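# Tertiary structure, described
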Amino acid sequence: MTALRGTLASEWIKLWTVRSTWWSLGAAVVLMGACTAIMGADFASDVENGQTNDGTTMRIGEPAANAALIAQFGLIAVAMLTVTGEFATGAMRGTLAADPRRGRVLFAKTAAVTAVVLPLALVLAMAGVAIGDASLGTYGEQRAVAADIACITAYFALAAVFTLGLGALLRSSVATLSTVIAVLLAMPMMFSTGWSDVLPGRAGLSLLGWPDPPYSRPVAFAVLAAWALAAQLAGWAALRRRDV
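Residues numbered from 1 in each chain as written. Predicted model: local features only at pLDDT ≥ 70, side-chain atom pairs only at ≥ 80, totals over all residues. Heavy atoms only, no water.

### Structural notes on the layout of surface pockets
Here the largest pocket defines a volume of roughly 250 Å³. Secondary-structure elements contributing two or more residues to the lining of the largest pocket are helix H1 (2-16), helix H2 (19-48) and helix H3 (62-89). The greatest single-element share of the lining of the largest pocket, amounting to 6 residues, is contributed by H3. Residues of the lining of the largest pocket, tallied by class, amount to 5 nonpolar, 6 polar and 4 charged. (1 Å grid on protein atoms, 1.4 Å probe; cavity = no way out; pocket = protein on both sides within 12 Å on 5 of 7 lines; lining within 4 Å. Points joined across faces, edges and corners; volume = space filled by probe spheres on them. Helix = DSSP H or I, 4+ residues; strand = E, 2+ residues; numbered from the N terminus. Nonpolar A, V, L, I, M, F, W, Y, C, P; charged D, E, K, R; others polar.)

Printed below as a string of structure tokens:
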């Protein structure tokens, strides 16, 4: 336990002493607020001008759920750089020299990132719903508010854990970010049926409450959590097998 506490403390300190963490978290806050306000106001404007076929009301959590797909990349950057940044600079050699138990190192990195992302994700979700309510005005529907907040929070956290595992597997920031964009965003939107339903992105969209989901929200959470766990296990296996 002493070794684990030391590794956790080390990862926590490293996380907060690099400027990329602050910039990435700040970007997530700005993107969540701005995109939610724009999406809510845009829907309200379309209704007022008779330019929408999607009804005259929207649940107040929906603009925030849509904005989460963009704001997530600030949190994903934190998770990714926690691993790939050390591989790029060679700092991973020092990390593994201090604690040769590679599984413990990966666990500590994941725990540190989750401890940062999870509370911020909850704040972003709550703020997003509030901004959605304000921007939609009279066209906002007070429905499934708690579920939207919980699901946005869970999506952010699981996306970060998934990304960190991929970072340990791929070791490259470019490869990790490209893969995350492809499986969480691009492929689920380009291919809406068939094999794409098994991708984590489709589970993520279902969790965020997108229309015509292949899963219910509880099942979507389980599927996305399974992908996050699989990425962590793959990252752990790669970290054990390869030299730094």
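### What to know about the packing of aromatic side chains
To describe a pair of aromatic rings, one takes the distance between the centres and the angle between the planes. If you walk through the whole model with that rule in mind, you get 3 aromatic pairs. Taking 4.9 Å as the distance between ring centres and 50° as the angle between the ring planes, the aromatic pair formed by tryptophan 16 and tryptophan 22 counts as tilted. Among the aromatic residues, those joined into a cluster by ring pairs are Trp12, Trp16 and Trp22. (Phe/Tyr/Trp six-rings, centres within 6.5 Å; stacked < 30°, edge-to-face > 60°.)

### Description of the environment of threonine 7
Along the chain, threonine 7 turns up in helix H1. The exposure class of threonine 7 is buried, given its relative accessible area of 8%. Taking the C-alpha atoms as reference, threonine 7 lies 43 Å from arginine 143; in sequence the two are 136 residues apart. Excluding residues that lie within four positions of it along the chain, threonine 7 makes contacts with Asp99, Arg104, Val105 and Ala108. (Buried < 20%, exposed > 50% of the residue type's maximum accessible area, 1.4 Å probe, protein only. Contact = heavy atoms within 4.5 Å.)

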